[in-house]
Amino acid sequence: MTTPTKCAYCQAHATQLCAACRNVVYCSREHQKEHWKRGHKLECKCYELASNELLGRHLRATRDIKMGELIMREAPLVLGPKVASMPICLGCHRNLLPPQKPALNYYKCSACSWPLCGPECERSAFHVDECRLMAASKFQSKINYNPGQPVGKESAYCVIMLLRCMQLKESKPAAFARLCELEDHLKERLETPLYQVLRANLISFIKTVLGLREWPDLDILRIAAILDTNAFEVRQAGDRIKVRGLFPGGAMFSHDCVPNMRHRFDDDMNIMFLAKRPIAKGEILSISYTQQLRSTIQRRLHLKQVKCFECACARCADPTELGTYAGAHMCAKCKVGKFISMDPLQNAANWRCEVCNLIRPAKEYLINDAKIEAELESLDKTTPQSFEDFLYRHRVELHETNTHILQAKYALTQIYGNVKGFGMDELSDVSLKRKVELCEELLEISNLFDSGWSIFRGNLLIALEEATVTQAMRLDEASECEAKLKKAAEILEEITNIMKHEPEMQQLLTERKQILDAALERFSNNA
Ligand SMILES: C[S@@+](CC[C@H](N)C(=O)[O-])C[C@H]1O[C@@H](n2cnc3c(N)ncnc32)[C@H](O)[C@@H]1O
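Cut-offs applied
- Residues numbered from 1 in each chain as written.
- Predicted model: local features only at pLDDT ≥ 70, side-chain atom pairs only at ≥ 80, totals over all residues.
- Helix = DSSP H or I, 4+ residues; strand = E, 2+ residues; numbered from the N terminus.
- Rg over C-alpha atoms; globule rule 2.2 N^0.38 Å.
- Buried ≥ 20, exposed ≤ 12 C-beta atoms within 10 Å, placed from the backbone.
- Contact = placed C-beta atoms within 7 Å.
- UniProt positions renumbered as here; feature names shortened; annotations may be inferred.
- Near = placed C-beta within 6 Å.
- Nonpolar A, V, L, I, M, F, W, Y, C, P; charged D, E, K, R; others polar.
- Pairing = 2+ DSSP bridges.
- Axes fitted to C-alpha atoms, helices over the stretch in contact; angles between N-to-C directions.
- Domains from an automatic or database assignment.
- Expected span 1.5 Å × (residues − 1).
- Core = buried A, V, L, I, M, F, W, Y, C linked by C-beta atoms within 7 Å.

1. Quick word on the overall build of the protein
Thinking step 1. The secondary structure content of the protein amounts to 17 helices and 18 strands.
Thinking step 2. The C-alpha radius of gyration of the protein comes to 26 Å, within 12% of the 24 Å expected for a compact globule of 527 residues.
Thinking step 3. With respect to the three principal axes, the spread of C-alpha positions in the protein is 75 × 70 × 60 Å.
Thinking step 4. Classification of the 527 residues of the protein by burial places 34% in the buried group.
Thinking step 5. Excluding contacts between residues fewer than 6 apart, the proportion of contacts in the protein whose partners are at least 24 apart in sequence is 61%.

2. Comments concerning the UniProt feature "domain: SET" (unreviewed entry) in the protein
Thinking step 1. Under the UniProt annotation, "domain: SET" (unreviewed entry) lies at residues 40-290.
Thinking step 2. Helix makes up 30% of residues 40-290 and strand 20%, whereas the separation of the span's terminal C-alpha atoms amounts to 35 Å.

3. Description of the site of the ligand
Thinking step 1. Among the 20 residues in the neighbourhood of the ligand, the closest are listed as Gly-56, Arg-57, Glu-183, Ser-254 and His-255.
Thinking step 2. Taken together, the elements giving at least two residues each to the shell around the ligand come down to strand E4 (56-61), helix H8 (217-230) and strand E11 (254-255).
Thinking step 3. At 3 residues, the largest contribution of residues to the shell around the ligand is made by E4.
Thinking step 4. Of the residues assigned to the shell around the ligand, the class counts are 9 nonpolar, 7 polar and 4 charged.

4. Section: the sheet that holds strand E13 (residues 271-275)
Thinking step 1. Overall, antiparallel pairing links the 3 strands, which are arranged E5-E13-E12 in an open sheet. Every other strand in the sheet has two partners, leaving strand E5 (70-74) and strand E12 (261-265) as the edge strands with one partner each. Sheet twist, expressed as the mean angle between neighbouring strand axes with direction ignored, is 20 degrees.
Thinking step 2. Where E5 and E13 come together, 4 bridges link them in antiparallel fashion. Bridge assignment links Glu-74 to a residue of E13, and that residue is Ile-271.

5. Considering unusual backbone geometry
Thinking step 1. With an omega of 10 degrees, the peptide bond running from Lys-101 to Pro-102 counts as cis.
Thinking step 2. Checked against the element boundaries, Pro-102 lands in the loop between strand E6 (78-80) and strand E7 (107-108).
Thinking step 3. The phi dihedral of Lys-138 is positive, around 60 degrees, even though this residue is not glycine.
Thinking step 4. Structurally, Lys-138 can be placed in the loop between helix H3 (128-136) and helix H4 (158-171).
Thinking step 5. On the basis of neighbour counts, which here come to 9 C-beta atoms within 10 Å, the residue Lys-138 falls in the exposed class.
Thinking step 6. Located in the positive-phi region is Glu-321, a residue other than glycine, with phi close to 55 degrees.
Thinking step 7. Mapping Glu-321 onto the fold places it in the loop between helix H10 (314-317) and strand E15 (329-330).

6. Focus: the domain arrangement of the protein
Thinking step 1. According to the domain assignment, the protein contains domain 1 (1-44), domain 2 (78-245) and domain 3 (416-526).
Thinking step 2. For domain 1 and domain 3, the distance between their C-alpha centroids amounts to 43 Å.

7. Observations regarding the pairing of E12
Consecutive side chains along a regular strand alternate between the two faces of the sheet.
Thinking step 1. Sheet topology note: the E12/E13 ladder contains 5 bridges and is antiparallel. The residue of E13 that forms the bridge with His-263 is Phe-273.
Thinking step 2. Count of turn residues in the E12/E13 antiparallel hairpin: 5 residues, of which Met-269 carries a positive phi of about 65 degrees.

8. Section: helix H15 (residues 455-473)
Thinking step 1. With 19 residues, H15 extends 27 Å from end C-alpha to end C-alpha; this agrees with the ideal 27 Å at 1.5 Å per step.
Thinking step 2. With 14 of its 19 residues buried, H15 lies for the most part within the structure.

9. Some words on the nonpolar core
Thinking step 1. Of all hydrophobic cores here, the largest spans 58 residues; its most connected members are Ile-71, Leu-162, Cys-165, Ile-223, Ala-224, Leu-227 and Leu-285.
Thinking step 2. For this core, the element with the most residues is H4, which contributes 9 residues.
Thinking step 3. Leave out the neighbours within four places in its chain, and Leu-285 touches Tyr-47, Leu-59, Arg-60, Ala-61, Ile-71, Phe-253, Asn-260, Met-261 and Ile-279.

10. Considering the sheet that holds strand E10 (residues 241-246)
Thinking step 1. Ordered by their spatial adjacency, 3 strands build an open sheet running E6-E10-E9, and the pairing between neighbours is antiparallel. Looking at which strands have only one partner, the edges of the open sheet turn out to be E6 and strand E9 (232-236). Strand-to-strand twist across the sheet, computed as the mean angle between neighbouring axes with direction ignored, equals 30 degrees.
Thinking step 2. Examined bridge by bridge, E9 and E10 share 5 bridges and lie antiparallel to one another. Looking at the pairing, Val-234 lines up with Val-243 of E10.

If you want it as structure tokens, here you go:
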């Protein structure tokens, strides 16, 4: 497409390109602002909606997109608790803290008894409609704080998000219409045990207890299915928020096991999609709906279960998993061959040793793999020893880049230098070297499945930078010290780029910069 030469607002000769869509030019900043107000904000995008048989609707880049660019920011259409949630405030969505003495229980809404932070959250726009409905039907929440008991997830929250969606039909019909346009996979979901339970319990609660008898069962279940297919988990660690959000624009991004975007949430719980790597015009824009560190069979089973589709992306289709061998075990017979699926796009396909051709059923592989996963999950996360022992125990059985090995190694990069008894200054030179080597090894392998400005890479670089500066400060040889500090400065620059849209990381980065500058200054004074 040739660049236009006339101001989109006044038609005078113009050269200032709209930086976001690059489809229009302006003669002045004022005309750009006016054009924005008169409707350009609705069309100023670097993507377009497309559709094909495999993905259904999806979004495609309409121009080249730079690494780190913000592609979309969207406010939630609906926000609410997860299906099973820790006790949260239905007004501001923060996890509830244990009550302050002399109170023995959470603050309870004066009308419906759902726990809230306090009286001010009773008036929250999120809560008022559901509160009115529950109070009118005389339903009172039974969620209480039990002193001495561990605080667990409450399944009663499963009704709230559903109700908030249903109430849109009257309160915001246009928003409800947008919600109804989303994909549901209702047919497949109705056959699952979860939806049979929903049908038996949730529907009768909504219709009989809350009195919404006019709603057909299938319409309610369809909303549950729309949420399960499209909702994002909204997290704000610092703010104790972990809820579910529906973003109809963002829901159009398809999945890829090597995605070209990542997403995060801003302080107002808007979702932001960022380019993880340079994206060419025409490329399909993708995020990951699952955990990228997992193996193909794990990812595909998870996607099938929660999103009802069989992923056939390039990573899933490759028996070597793009050279990561993340699912590979070592052959139990010859001990040297990698044991991989004979057809990764068929979860039930047999597994075969690449060297001695031993063939075993997928079921046997999966049972064994699940045991190792359970073992990994049960490890003591407060000490490196349990993870080092795990790596040693499975050194023969698992391929060196098997997902369980990668997960254990990643845990070690975060444990060394950060837990009691293994703080950065307490680490022996050997442990410090181990931390650096693990980070470097994982960074290299992550290039195959999570390259560019990914959070995984950012976290590894943070661990590596800190360890590198610590190593530098222990060195006697000036030139070696200088080389390490320069390497740390390069790493910090990359982290700064990766994390530029992560406000909660900025303080840490400022501190790291101060420490590095002080180390460099000390070095130049001593040199
Ligand atoms: C959040 S929606 C995305 C929008 C959806 N394609 C639509 O038309 O509404 C998720 C659904 O999109 C489809 N989808 C997304 N990524 C896919 C992929 N890589 N392969 C196959 N289907 C995919 C699946 O049906 C999935 O359940």
